[in-house]
Amino acid sequence: MAHASHGPGELTGELLAAPIWSDDLVEAAGIPVSDAPFVTVGGGIGSFVLVDYLRIAGVPTGQIRVLSNLDHPWETYEYLTRVSQIPRPERIRSDSASRPDNIWGFPSYAVSEAWQSRTLRPLIQVFGEPIFSDYWTPRAGAVFAGLERESRRINYPDMLVKGVVRLVRRRQGGGYFTILTPPEGSTATRRMAYRSRFVHLAVGYPGLRFLPDLRAFRETYQDFSHVVNAYEPHEHVYEFLKTRPGTVVVRGGGIVASRVLQRLMDDRERYGLGTEIVQIFRTFVTGAHGPHPWARRKGGDGWAYQGFNYPKSVWGGQLKARMRRLDGEARAQSYAEMGGTNTPWRRRWQQQMRAGRRGGWYHPVQGVVTRVEPRADGMLVSQLTGDTGDREIAAHYIIDCTGLEADITEHRVLADLLAHGGAGRNPLGRLEVERHFEIKGTASGNGALYASGATTLGGYFPGVDTFLGLQIAAQEIADDLARRSWCRRIGPVRSTAQWVRWMRGRGVEDEG
Amino acid sequence: MVPILFGRIQTRIVLLAVVGSAVTALLVPVLPLAGPLAERYRGAFLVLAAVGVLGIGWEGLYHLLMQFRWEKDWPTLFGLLTVVPEAALLWVLLDRDVVPGLAGRPPLAAYLLHVGLVWLAVWLVANGPMRVPLLRWRFRGGRLI
Ligand SMILES: Cc1cc2nc3c(=O)[nH]c(=O)nc-3n(C[C@H](O)[C@H](O)[C@H](O)COP(=O)(O)OP(=O)(O)OC[C@H]3O[C@@H](n4cnc5c(N)ncnc54)[C@H](O)[C@@H]3O)c2cc1C
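Residues numbered from 1 in each chain as written. Chains lettered and ligands numbered in written order. Predicted model: local features only at pLDDT ≥ 70, side-chain atom pairs only at ≥ 80, totals over all residues. Heavy atoms only, no water.

1. Focus: the overall build of chain A
Alright, step 1. Counting secondary structure elements, chain A contains 17 helices and 22 strands.
Alright, step 2. Since a compact globule built from 512 residues should have a radius of gyration of about 24 Å, the 24 Å found for chain A is in line with a globular shape.
Alright, step 3. Expressed as lengths along the three principal axes of its C-alpha atoms, the size of chain A is roughly 70 × 55 × 45 Å.
Alright, step 4. By residue count, 60% of the 512 residues in chain A fall in the buried class.
Alright, step 5. Pairs at least 24 residues apart make up 68% of the contacts formed inside chain A by residues separated by at least 6 positions.
Alright, step 6. Total accessible area on chain A stands at roughly 20900 Å², and carbon and sulfur atoms take up 52% of it. (Helix = DSSP H or I, 4+ residues; strand = E, 2+ residues; numbered from the N terminus. Rg over C-alpha atoms; globule rule 2.2 N^0.38 Å. Buried < 20%, exposed > 50% of the residue type's maximum accessible area, 1.4 Å probe, protein only. Contact = heavy atoms within 4.5 Å. Areas by Shrake-Rupley, 256 points an atom, 1.4 Å probe, with all protein chains shown as cover.)

2. Some words on the confidence of the model for chain B
Residues and elements named next belong to chain B.
Alright, step 1. Averaged over every residue, the pLDDT of chain B is 96; the share at 70 or more is 100%.
Alright, step 2. Averaged pLDDT values for the elements of chain B fall to 96 in helix α3 (residues 76–81) and rise to 98 in helix α1 (residues 5–27).
Alright, step 3. With pTM at 0.95, the complex prediction returns an ipTM value of 0.95. (pLDDT = per-residue confidence, 0-100.)

3. Focus: the domain arrangement of chain A
Residues and elements named next belong to chain A.
Alright, step 1. What the domain assignment lists for chain A is domain 1 (1–207 + 308–336 + 404–504) and domain 2 (212–286 + 342–399).
Alright, step 2. Taking the mean C-alpha position of each, domain 1 and domain 2 sit 34 Å from one another.
Alright, step 3. Taken together, the contact pairs 18 residues of domain 1 with 19 residues of domain 2.
Alright, step 4. When domain 1 packs against domain 2, the two sides together hide about 1400 Å² of surface, and 45% of this comes from carbon and sulfur.
Alright, step 5. Contact with domain 2 buries area across many residues of domain 1, yet Q85, R93 and D134 alone supply 45% of it, more than any other trio. (Domains from an automatic or database assignment. Buried area = accessible area lost by both parts, 1.4 Å probe.)

4. Some thoughts on the interface of chain A and chain B
Often, the extent of an interface is quoted as the loss of accessible area upon association of its parts.
Alright, step 1. The partner chain B presents 28 residues to the 45 residues of chain A that form the contact.
Alright, step 2. When chain A packs against chain B, close to 3000 Å² is buried across both sides, 59% of that on carbon and sulfur atoms.
Alright, step 3. Here chain A and chain B share 1 salt bridge between them.
Alright, step 4. One salt bridge in this structure joins D479 of chain A and R136 of chain B, with 2.7 Å as the shortest N-O distance.
Alright, step 5. If you look at where chain A meets chain B, you find 17 residue pairs in polar contact (both at pLDDT 80 or more).
Alright, step 6. For the side of chain A that touches chain B, the secondary structure elements donating two or more residues are α6 (121–128), β14 (295–297), α12 (318–323), α13 (328–338), α16 (467–483) and α17 (492–504) of chain A.
Alright, step 7. Of all the elements, α16 of chain A adds the most residues to the side of chain A that touches chain B, at 5 residues.
Alright, step 8. Of the residues that constitute the side of chain A that touches chain B, the class distribution is 23 nonpolar, 14 polar and 8 charged. (Salt bridge = Lys/Arg side-chain N within 4 Å of Asp/Glu carboxyl O. Polar contact = N/O pair within 3.5 Å; in protein donor to acceptor, adjacent residues only side chain to side chain. Nonpolar A, V, L, I, M, F, W, Y, C, P; charged D, E, K, R; others polar.)

5. Some words on the pairing of strand β12 (residues 276–281) of chain A
Residues and elements named next belong to chain A.
Alright, step 1. Among the 6 residues that make up β12, 5 are buried, leaving the element largely enclosed by the rest of the structure.
Alright, step 2. Alignment of strand β11 (residues 247–251) against β12, held across 5 bridges, turns out to be parallel. Residue pairing across strands places R251 opposite I280, the latter belonging to β12.
Alright, step 3. Handedness of the β-α-β unit built from β11, helix α11 (residues 255–271) and β12 comes out right-handed.
Alright, step 4. Both β12 and strand β17 (residues 362–366) contribute to a ladder of 5 bridges, which runs parallel. Looking across to β17, one finds that I277 is bridged to Y362. (Pairing = 2+ DSSP bridges. Right-handed = clockwise from strand over helix to strand, strands pointing away.)

6. Overview of the side chain of S133 of chain A
All names here are of chain A.
Alright, step 1. Residue placement: S133 occurs in the loop between α6 and α7 (140–153).
Alright, step 2. On the accessibility criterion, S133 (14% relative accessible area) is buried.
Alright, step 3. A polar contact of 2.9 Å, which involves the side chain of S133, links it to the backbone oxygen of Q125.
Alright, step 4. There is a polar contact of 3.3 Å between the side chain of S133 and the backbone nitrogen of E129.

7. Description of the pairing of β11 of chain A
All names here are of chain A.
Alright, step 1. Most of β11 is tucked away: 5 of the 5 residues are buried.
Alright, step 2. Residue alternation in β11 divides its side chains into two sets, T247, V249 and R251 and V248 and V250, and both sets are buried.
Alright, step 3. Pairing analysis gives 4 bridges linking β11 to strand β21 (residues 397–400), with the strands arranged parallel. The partner of V249 across the bridge, within β21, is I398.

8. Overview of empty space enclosed by the protein
Alright, step 1. Under the definition given, this model contains 4 cavities of 30 Å³ or more.
Alright, step 2. Quantified by volume, the largest cavity comes out at close to 60 Å³.
Alright, step 3. Class assignment of the residues belonging to the lining of the largest cavity gives a composition of 4 nonpolar, no polar and 4 charged. (1 Å grid on protein atoms, 1.4 Å probe; cavity = no way out; pocket = protein on both sides within 12 Å on 5 of 7 lines; lining within 4 Å. Points joined across faces, edges and corners; volume = space filled by probe spheres on them.)

9. A word on the pattern of salt bridges
All names here are of chain A.
Alright, step 1. All chains considered together, the criterion is met by 40 salt bridges over all chains.
Alright, step 2. Residue R55 is joined to D510 by a salt bridge in which the shortest nitrogen-to-oxygen separation is 2.8 Å. One end of the pair, R55, is in helix α3 (residues 45–57); the other, D510, is in the segment after α17, and 455 residues separate them in sequence.
Alright, step 3. A relative accessible area of 2% places R55 in the buried class.
Alright, step 4. For R348, the salt bridge identified is with D266, shortest N-O distance 2.5 Å. Taken together, the residues span a long stretch of sequence, with R348 in helix α14 (residues 347–359) and D266 in helix α11 at a distance of 82 residues.
Alright, step 5. Residue R348 is classed as partly exposed on the basis of its relative accessible area, which comes to 36%.
Alright, step 6. Ionic contacts of the salt-bridge type, sharing partners, join the residues D23, D35, R171 and R195 into one network.

10. Describing the UniProt feature "transmembrane region" (unreviewed entry) in chain B
Residue and element names in this part refer to chain B.
Alright, step 1. When the UniProt feature table is mapped onto this chain numbering, "transmembrane region" (unreviewed entry) sits at residues 12–31, 43–65, 77–94 and 106–126.
Alright, step 2. Helix and strand shares over residues 43–65 are 100% and 0% respectively, and the end C-alpha atoms of the span are 32 Å apart.
Alright, step 3. Helix makes up 94% of residues 77–94 and strand 0%. Its end C-alpha atoms lie 27 Å apart. (UniProt positions renumbered as here; feature names shortened; annotations may be inferred.)

Below you can see the structure in the form of structure tokens.
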């Protein structure tokens, strides 16, 4: 609709065509300009941890603007975890020291939980992990509560500007213009511009991706209820199964599939249901796998097992150091070896699946689905081509647990950067960033454009789409900003002093 | 912190030097040891130094063993349990009188208390408080420089 409402304060054809904007050009379009040296786009966890870092380094709130459609940084995360079966009391995937509300990771979540609930159990579990116990992981609710507290402590709301960012363009003379569409009716013009020296993009997932056969089914039959993505609300499936015995096909072999299975199996047990589950793995892992004896991942019964989405040492150990040196094909190859779909091995999940296999109501199978069609009785029939031949699987519902893997061009801001901003793709097809998370090819005068999160997967650091990865990115970016003398580098003394303030719940101290 | 080889060595040396020394300084007067205080301190610090020097070799071995782990990680528990072989080897060396500067071995109880408490303190600090002054340490495989 951009061109239809061509009043003042709208993006003009001239602006859209120019890769680099002058101040005059923006002014001529009648778009009001605000200045802030540092702008972060997204306002999710990725923006939050960077802002937290900068605030702790002493940057005043007036220097930072967060442009986001979210009221709280954890909003999208909470939504996605809730629909994919991790409500607040359930435990998430990442470990005790991955704390987006605490840049030190100390005290860890396990220490906090032990303290708050007056029990040593979390500490004992952390002590034994991952050999004698499953990895201890925090409750989703604890993560949100901590973020809420830290958000208050650093005056996050003062920096937040609500709206949807349309694009980011380089500015003549250095820095960038970020165009924001504020909520309708809240401003005089349809667009606003933020002029800044630095921009950081943490826009999360570009979108949901459906498996092709499921998309075809939805489009052909206009049925959006029987084929669902695990990242969409799909309570109706579980409700249906409480009313009568039914069959569900679960597609995928990652942690979301594990969660959905747990929900189905918990309900089966709790309400005495007759649910039948068929799980379709595209790659069916039968045992330990990997290129050599010192690189073998555990696996079995279809699954590849790994505590976190990458081997633990990508967040700070040997694999982090190694990946940092790899480019192009070699990097893509390493990603293929240690990534891929995987899930943690958890005692409870193993018990449930064993019971299901033994009871004959849980059937893990290998195959690729070529087509899904409705049958006369309303059931959905999946045509499966597998290693052991073709077969048909009939089910009442299909839950697609394969992902949030849409192409980055599905996000307008990213598509625009690829087209006009000088950005390029990495070996996995996402945004190519430097080791310090500056988007390659987008420098503008003394300014810099950074990105973190899922959009940068495939770079020198694989763990980007996790709390800890976002914190690593935040640290690299903050240190780069310090190298450019824009803020101060947090050294041991400031770090310790600020930690003491964190512990006492006191606000951060601004640097002059 | 998930270590790399240089990180292991640096972290060990620095923690023994700082935390280990502090514990040793506090502990020696109350350890069941004989002789003048200065002598007892000398002996205890030599034991501490030996843990550090031998440790460079041990860390190499741990690094090698870690290669068999898919995640290339080093669980917290391992960091604590490794005191057993390390203390045992050092004890044998002390017993054989091959540790330079030390004539004979200290009483077993004093040795166990000393090494055990130093180890525990170092392990506790490495598993949390270390991250407070050294923000980048955990993301650099334990490297300090
Ligand atoms: C189900 C699930 C479970 C997970 N569990 C874990 C876990 O246990 N541990 C872990 O470390 N990680 C986990 N992750 C990964 C987790 O998503 C990331 O760690 C984190 O939430 C990503 O933060 P982000 O800032 O990149 O994205 P988000 O938190 O999603 O924030 C980005 C936000 O930017 C906003 N935005 C996008 N485009 C625009 C625009 N043009 N204008 C304005 N705003 C915009 C959107 O609201 C978007 O939500 C999980 C992910 C999922 C989906």
